[in-house]
Structure formats: structure tokens, C-alpha cells
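Below are the chains, spelled out letter by letter.
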Amino acid sequence: MASATIEQPRRKRRWFGGREGAQRRFVSIVLSPALAYMAVFLVLPIGWAFVLAFFDFSPRRTGSPFLGLGLDNPFVGLEHFARMFDFSKTAPLEVRQFHTALKVTLLFAFIVVPLNLVITLPLASMVESVRGRWKVLYRTVFFLPVLTSAVGVAIIWGFVLHPQRGLLNGLISRATGKVTAIAWTTDPDLVFLGVPIALVAIIVAYLWQDIGYNLVIFIAALQAIPDSVKDAARVDGASAWQTFRYITLPLLKPTILLASVLTMISAFQVFDLFQVMTNGGPDDQTRALSLDIYESAFRYQRMGWAAAVSVVLFLLVFTISIVQSRFLRANWEY
Amino acid sequence: MTRRFRRWQALGVALLMLGSACTFGADEPGDSGGSVAADEPVTLRVWTHQNKSFNQGLKDLGAGFEAANPNVTLKFETFDYDSYIQTLQTALPAGTEADVLQMFGTWTCSYADNLAPVPADVSGLADAQSAFFEAPIGGYTCDDTLYGFPQEFNIEYGATLVNTDIADAAGVDTSAGWATWDEFMADAKALTETQDDVITRTGYHFTSADALVYSFFSLILQGGGQFLADDGASFTIDTPEAREAVALMQSMVDEGIIDPELFNDTANWVGDCYFEEACSMGLIGPWVVPEYSADFPEVADATKYVALPTLGETPDFVADSGWGLTVSANSPATNVAWDFVEFVTLDPENAAAWNTATGTLPALRSNGEGATQEQLIADYPHFEAWFPLLQYGQYVGNLPDRDLLWYEIAYPHLLGVLQGTESVDDALAAMESEANDTFR
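Residues numbered from 1 in each chain as written. Chains lettered and ligands numbered in written order. Predicted model: local features only at pLDDT ≥ 70, side-chain atom pairs only at ≥ 80, totals over all residues.

### Observations concerning the pairing of strand S9 (residues 198-201) of chain B
Residue and element names in this part refer to chain B. Put simply, the rule is: By the convention used here, strands pair only if DSSP detects at least 2 bridges between them. Numbering of helices and strands runs from the N terminus, with a helix taken as a DSSP run of H or I at least four residues long and a strand as a DSSP run of E at least two residues long.
Where strand S8 (residues 193-195) and S9 come together, three bridges link them in antiparallel fashion. Bridge pairing in S9 links Gln 195 to Val 198. Where S8 folds back onto S9 in an antiparallel hairpin, the turn is made up of two residues, including Asp 196, whose phi is positive at roughly 50 degrees.

Pasting the structure below:
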């Protein structure tokens, strides 16, 4: 059968006229403020950070009239990134601090993410199994810390862990009948299973504040699982544990992926707790990348170096998020 | 959405980004400064950091200047401390700063390219050096050129806070001071309280960041050493004098006067520690007393400063340069700006009025003696121990990055030694190498 192409009369596109034009105008007007906001406060700073990473830039120095780049803020190409691979003992201080910060951040993130999931998932299941008003009460109580200011949380935990006036040492003193002044956040010799206690203290504070967030996500996901699926399992003789293990958990896989990616990203970004509770100490044992970037950029004005470190942090979060997605991806829906 | 619409959007975004980005562009600094005729109306912008008494003291003097110069209007603009640093760092290279800039002396030389040198008719370098104490004027002197004048003497080392109530209760008499470090340590030990082998009140707190670093560098000077080469371009920190300084500080830890794990910058910072009476004595400058007096009036009443013993013949100490005033090289009225700075800083009466209003030690030598000194001591009794020391202050030097040296290099290593996590050899070698890296 022969086919014939019927030439359609070409419609003249009118940008500003007619109904289509009105729609475009409406879309433009509605989107412009948001786009302008994103361009100025999101795209521009990110782009600027990527540009700065290739310059030895400091706002203290006089650059060229074009964005302050050049002259005393010279283009250095990949030099910042190359220096990051200098693992010798004589490497510059900022490079060694970057290595420490990277180690601390990875340690923090890889402890916090599984711990968070291990705590929140069963807790969500337990809260979900509660009936009536108690469920609302539990949900509220667990979510309340999320609403608290992170700086406030850091100050309160700092008070709890203060060597002399702290609640924790006070309790230990009461229990033992001896004055106890353990420097939880300032003694560099205090280590538990290779993890500095100061870092453990920040992990505890972080989890205390953060678990409510994932808890709500998991509760919502648990509520979305159809009762019929669980009922069918029970009819087949599955115990509560077996139902959770073989029915609930697999069905929660997409939610676990979401929660773990979000927690991982947030763990890499934590700044307030590190700065207020320990300010990187003792002996740089809690110097996280976010704190390292802040110190380099705003305290010592090494903007180019700080931008390069932030690019590394971005790539790190991006890569880990991709890997997590690959591992935890589910190919089905219910 | 059509391709054309996306193009418009992309163009809009690009224009916005470019527009915003161009605000970073800088004019060439120092090319627009000038002077105005004597009676021409002038508005001078004055930038300062936010500090109630500092700002009010300057405004009061400003009112006097405006009365004497009716053609001049002063416009004060204040910034919180952190914002002020960042504003100076970005505004000066961009050439958008005010006419008169309050400056912490130690920062001055890093901005010298954008500041106006002091005109010869206001003061020559030699005259300024004889008029001001060495430490405060040192910060305003860059390569033998003067860029401003200090208003105060910023001092952190030389005398220690003493809680006389605690001393009296312990039967320790500090009124005569201490001739030797052994005498001092014996009293500090007597003022230390322990329970179950835990120090509950330290006898002498010197392990906060500033206290420890100022102690270290000052003790090096007292021992006859130097930490900065004559040309100011390299550090020599791994020296016998430095070892002697560390040994003295270590002996206080060994004596059980202080536990640096419980008392440091993060836990029990010296100001809090002293006024909360967890420290009997503490090393910090006199600025801390008015800061805490309102909240801890009883401790403030029982507070006095007593001069520390020295390692050598004279009580030499390292000091930063204090707050003062500079003039922007971009100011269109530099002559009027200098008139104002001269009025505030070089006139002894006005300078003393500002010190009285702010509770700061004078930078002018003439205000550090005689009737002005007596008046300042009458107003601020805790100043008494400091006046005899001022002549021994040595400016810390125009370092490439003073904060980096203080807080990222010297403090962590010194604290590491006292906490037992680093050997003296390693710490001094690392400090010297890292400090010299800052000259890169």
C-alpha cells in the first residue's frame, strides 16, 4: 500500500499573540521569579565555586576588574586538585587538614547512615503498630528534635557533655560516688573502637536530632503498604518477624534508598554541630569537610582552595548517591 | 515548552548571572583619592565594628569634630565583627570602602595597598614612634610607612587575673606579686582545688588559645630569643628559648596546677572559667573585666591583676597592635579624613576620653603616665598592674596570616605537647615548618 504524506499547512507560531501566546506569557511571568532566584542564589554560586576552584583566589588580593580573577588571583588550573594527592608528611598544612577532614567526614557519614536506618526502621514499625492517640503522641515526640535549631542542639549537648558542669559526668559521679570529669569532647586520647569519643558525641547529637525525619518517612511508607499483602503472608503462616523480614522490608526498599541517600547527603553537609560542639577539636579529630571549607574560605580567605575542596565534596556526595541508587534500586512497584 | 521559549529563558538566566557576577568587578584601587578645599561641605563615611562603648566614644568625639568643622558631616556605619572583617576584605580591593576605616592594627599592612599613607604634615614615622607605645604603632607601620594611628594598647600577656576572695580563703597573699616562677607556681598550686584526683578549680588557667600562644612567644622574648627573623620573612621557633618556654608551661601541668584536657579553648575557656570561679587565676587581657562585670559583679569586685614573673631581666611580652583609624586611598577627601583621625588619635585629651569611654589602655605614651594614668586607674582599678608593663610590649610583627599562626599552627601543637599527644621536638619542628609555609 502506497503511503502518501499529507502536507499540513504550517502553523505560524505567535510568541505573544493568541491563546498559545497568552499561555506562554503566563508561564514566563509565573516562572521568572523562581528562575531568577535560582539563577542568582543557586546556579551562580555553584558555577562561581567551580570557577574559583581553578584560581588561587583570595578576596584580600586585588584581581583584575573582571570578577576579580587574574593578576594577584592567578589561574592555577588543576593545581589545587593535584595538591590534594600530596600525602607526604611535609605536605602543606591545608592539605593535611583536608586529608583529616575527608577521613572524619567519611567516618561520620558511614557510621551515621546505617545507624540511623537501624534505629529508625524498627522504631517506625513499632510506632506504626501502636493504635489510637498514642501513635500521634509517639510520632510527635520523635519528630520534635527535627524542629529544634541545630545550634541549640549543639549547645545543649555541649552542656550535657561538659567535663565539670555536664549532666553526664554528674550522673556518673552520683553513680560512682567519686568526682568524675571526663573530657568527652576535648580529650584527644579518648577513643572507642578507633573512633574518637568527640566524634561519637557528635554522632549521638546528630542522631538524636535527625532520626525523627526518617521516622516520618518510614511511617508514611509503612502506611502505604496494602494490608492485603501482609494478611496474605499471615494466612500462609508467616510470623511477625517473617512478615517484616520478607514482606515489609523488601517493599520498603525504595523508601530505604530515599532515606539513605537523603541521610548521606545531610551527613556530608553537617556543619553546626561540628562547629559549636568541638570546633574541629580535639587535635582535628572532628574537623569535617564542611568546617574545613568554612575555615579556609571565610576565616583564612583561601577561597580558591576552599572552592576546590567543595568541588571534591560535591563529587563525593554525587558518586556515593549514584552508588547507593544502583545497590538499592527496586525494579518493581506495588 | 518550545525551543524558542527555552532560549529566552536561558538568555534571561545568563543575563542575570552576568549582571550579578559583574558586581564582583573591581575598580583599580587607590586611583580616586583626593582632597577638598578647606570650607567645602564634606560628608565623611566612617566604618567601625559594632561595639557599644567603642562606637559611642567615637561618636562623642565626632560631635566635637563636627562642631569645630561645621562643613564636615560624619556618617558612622557599623558592622558586626565577623561581617566587618569580610566587608573590609572584599570592599578594599573593590574600592567601595568608606573614607575612614577603623582597623585592628595587626590587619593594617594586609590592606596597605588600598590605604592612604599618613601625610607628613600630620605626623612623620619617627614622631609617631616616639608618641605611641611600640606595640600599638607597630601594626600601623608597613615597610617604614605609616598608615594610621592606634587608639588603644591591645594587651594579653604580662599580668594575671587573681580572684582575691579565693586567694584570701586559701591563705595566699598575692599583693607583693611574685619574684620567680617557683614562687608563682607555689601559690598557683595552693589555689588549685582537686577532688578524687580531678582538678575542680585550677590555680592558673593559661591553656586557652590566646593565653597559650601569647605566653609561648612572650616567654621566648623574655628568655632572650626571637621567633621572627630580623627581615620579618621567616620564623625560627625550634630554639633553646622556645624549649625553655615550653618546659616552664609543661612544669605547671606536671605540678597539677592545670589539666589541659579539662581547661582549654573548647571546655572552660579562660574568661568563662575565671568568672564562674572554676579558675583562681587566669591569663587574659583587661578587656575581659568590663565584659563580664555586669553578669558577675561579685567576682569582678574581687578581681585584680597581678604582674607575672619573668624569665629574664625585663617583662618583655608580645602584643598585637590595637584598634585604631586609617584612611582609604580612594577617599575623595583624604585631607579632611586625616584631620578627623588626627583629632581622635593624636590629641592626648581626645585619645584619653576615648580610652575612658571604652575601658581600654592608652596607645599614646603621654596618656600612660601622670594625671591621665591616675584618672584611668581611678576609673578602672584593674588597669593598675598593666601600666608599668606597657613599655615592654613588642609588636608581634606583620605576619602573613596572624590568625593562621595563632589558632591553626601554634595553639594545636602547644596544646598537644601539654596534653601529652605530641613531643616537644615534633611540635617545635612542625610549628617552625608550618609557620614558614605561611610565607609562601
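### Let's talk about the interface of chain B and chain A
Put simply, the rule is: We call two residues in contact when their backbone-placed C-beta atoms lie within 7 Å.
Every contact between the two is made by 39 residues of chain B and, on the other side, 39 residues of chain A. Put simply, the parts of the chain that give the side of chain B that touches chain A at least two residues each are helix H1 (3-22), helix H3 (81-94), S9, helix H16 (402-419) and helix H17 (424-437) of chain B.

### Side note on the sheet that holds strand S6 (residues 148-150) of chain B
Strand pairing in a sheet relies on backbone hydrogen bonds. The paired strands run either parallel or antiparallel. All names here are of chain B. As a reminder of what qualifies: Helix axes are fitted only over the stretch in contact, all axes being lines through C-alpha atoms; the angle between N-to-C directions runs from 0 to 180 degrees.
Spatial ordering of the open sheet is given by S2-S1-S3-S13-S6, a layout of five strands whose pairing is mixed. Looking at strand neighbours, the two that pair on one side only are strand S2 (72-79) and S6, the edges of this open sheet. For this sheet, the mean angle separating the axes of adjacent strands, direction not counted, is 25 degrees. Across five bridges, strand S3 (residues 100-104) lies against strand S13 (residues 323-327) in antiparallel orientation. Looking at S13, one finds that Gln 102 is bridged to Leu 325. Most of the contacts of helix H2 (residues 52-68) go to S2, to which it runs at about 170 degrees, and overall it touches strand S1 (42-49), S2 and S13. Relative to S2, H3 is tilted by about 115 degrees, and along the sheet it contacts S1, S2 and S3.

### Let's talk about the sheet that holds strand S11 (residues 303-307) of chain B
Reading across the sheet, the three strands line up as S10-S7-S11 (chain B) and stay open at both edges, with antiparallel pairing between neighbours. Of all the strands in the sheet, the pair left with one neighbour each is strand S10 (281-282) and S11 of chain B.

### Concerning the nonpolar core
Looking at soluble globular proteins, one finds that nonpolar side chains tend to be buried together. Filter applied, for reference: By our criterion, buried Ala, Val, Leu, Ile, Met, Phe, Trp, Tyr and Cys residues that link up through C-beta atoms within 7 Å make up a nonpolar core. Put simply, a residue is buried when 20 or more other C-beta atoms lie within 10 Å of its own C-beta and exposed when 12 or fewer do; between those, it is partly exposed, and each C-beta is set from the backbone.
Counting 170 residues, the largest nonpolar core has A:Ile202, B:Leu44, B:Val100 and B:Leu414 as its most contacted members. Aside from chain neighbours lying at most four places away, what touches B:Val100 is B:Leu44, B:Val46, B:Leu325, B:Val327, B:Ala337, B:Phe340 and B:Val341. Judged by nonpolar contacts, the second largest core, of 13 residues, contains A:Val127, A:Phe142, A:Ile256 and A:Ala259.

### What to know about the environment of B:Leu364
Residues and elements named next belong to chain B. Along the chain, Leu 364 falls in the loop between helix H14 (348-358) and helix H15 (370-379). On the basis of neighbour counts, which here come to 25 C-beta atoms within 10 Å, the residue Leu 364 falls in the buried class. A sequence separation of 235 residues divides Leu 364 from Gln 129, and the C-alpha atoms of the two residues are 9.7 Å apart. Among all residues touching Leu 364, those that are not within four sequence positions of it are Ala 131, Phe 132, Pro 348 and Ala 351.

### Digging into helix H13 (residues 303-328) of chain A
Residue and element names in this part refer to chain A. Going by this rule: Multiply 1.5 Å by the residue count of a helix minus one, and that product is the helix's expected span.
For H13, with 26 residues, the first-to-last C-alpha span of 37 Å sits near the 38 Å given by 1.5 Å per residue. All of the buried residues in H13 are Met 303, Gly 304, Trp 305, Ala 306, Ala 307, Ala 308, Val 309, Ser 310, Leu 313 and Ile 320. Looking at the buried side of H13, the elements it contacts are helix H1 (18-52), helix H2 (79-83), helix H3 (93-129), helix H10 (253-269) and helix H12 (289-299).

### Here's the deal with unusual backbone geometry
Geometrically, the link from A:Gly281 to A:Pro282 is a cis peptide bond, its omega value of -5 degrees lying close to zero. You will see that A:Asp283, though not glycine, has its phi angle at about 55 degrees, which is positive. Tracing the sequence through the fold places A:Asp283 in the loop between helix H11 (272-278) and H12. On the basis of neighbour count, A:Asp283 is assigned to the buried category, with 21 C-beta atoms found within 10 Å. The backbone of B:Glu277 sits at a positive phi, close to 60 degrees, despite the residue not being glycine. The topology assignment puts B:Glu277 in the loop between helix H10 (270-275) and S10.

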